[in-house]
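Now for the letters of each chain:
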Amino acid sequence: MKKLLREILRATKDENFMHIIENIEVLVSKVLSIFMVIVILVAITDLGIFIFKELFTIPYGKFNTTLYKVFGLFLNILIALEILENITAYLRRHVFQVELVIVTSLIAVARKIIILDLEKIGGLDIIGLGVAILSLSISYLIIRSSNSKDAS
């Protein structure tokens, strides 16, 4: 028991501990990417079923009322794809790419605006979404210009 404890203490003091942590990070990232692929496949199936039902059960001319819901479902899938891209980028480089995170956030806010029901939302909420878009856009421009300067 003492030998095991000494070995554990030694592992925490050297590179072995960091190697173990890195392996755990990679394993978690791989599991997350598998789960995200499952989520994307389920979302695509859900979208297909929804579109099929809407096309064949709604009277002619009423499809426009559900069009925003279809757009929302499409954007959900795009957001999931961006999250998967974030995970795979981390697996490739072991670094989080801030630009991808900001783009994912912009898509999420754009989705919220597209499916927004103006009758149920207040002015303060709309201002908040506008501020979020402005902040994310400025952040994206800063990161993008910083990355282009680093590349040159």
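Look up a bit, the structure's there.
Residues numbered from 1 in each chain as written. Predicted model: local features only at pLDDT ≥ 70, side-chain atom pairs only at ≥ 80, totals over all residues. Heavy atoms only, no water.

A.B. asks: Honestly, a nonpolar patch on the surface in this entry has me stumped. Any pointers?
C.D. replies: A grouping of Leu-27, Val-31, Ile-34, Phe-35, Ile-38 and Val-42 is seen on the molecular surface, where their side chains present a nonpolar patch of about 570 Å² in accessible area. Tracing the chain through its elements places Phe-35 in helix 2 (residues 15–57). (Patch = residues over 30% accessible without salt bridge, like charges linked within 9 Å, V, L, I, M, F, W, Y side chains within 5 Å. Areas by Shrake-Rupley, 256 points an atom, 1.4 Å probe, with all protein chains shown as cover. Salt bridge = Lys/Arg side-chain N within 4 Å of Asp/Glu carboxyl O. Helix = DSSP H or I, 4+ residues; strand = E, 2+ residues; numbered from the N terminus.)

A.B. asks: Would you explain the side chain of Arg-111 in this entry?
C.D. replies: The residue Arg-111 is located in helix 4 (residues 98–114) in this model. As a buried residue without a salt bridge, Arg-111 has its nearest oppositely charged side chain in Asp-46, at a separation of 9.8 Å. Leaving out residues up to four positions away in the same chain, Arg-111 has contacts with Gly-72, Leu-75, Asn-76 and Ile-79. (Buried < 20%, exposed > 50% of the residue type's maximum accessible area, 1.4 Å probe, protein only. Lys, Arg positive; Asp, Glu negative; His and termini not counted. Contact = heavy atoms within 4.5 Å.)

A.B. asks: I keep staring at the pattern of salt bridges and nothing clicks. Help me out?
C.D. replies: Note on pairing: side chains with opposite charge can pair once their charged atoms come close. In the structure shown here, the tally under the stated rule is two salt bridges. We note a salt bridge from Arg-92 to Glu-85, for which the minimum N-O separation is 4.0 Å. With relative accessibility at 56%, the residue Arg-92 sits in the exposed group. Classification of Glu-85 as partly exposed rests on a relative accessible area of 33%. Arg-144 is paired through a salt bridge with Glu-99; the nearest N and O atoms lie 2.8 Å apart. You can see Arg-144 sitting in helix 5 (residues 123–151) and its partner Glu-99 sitting in helix 4, a full 45 residues away along the chain.

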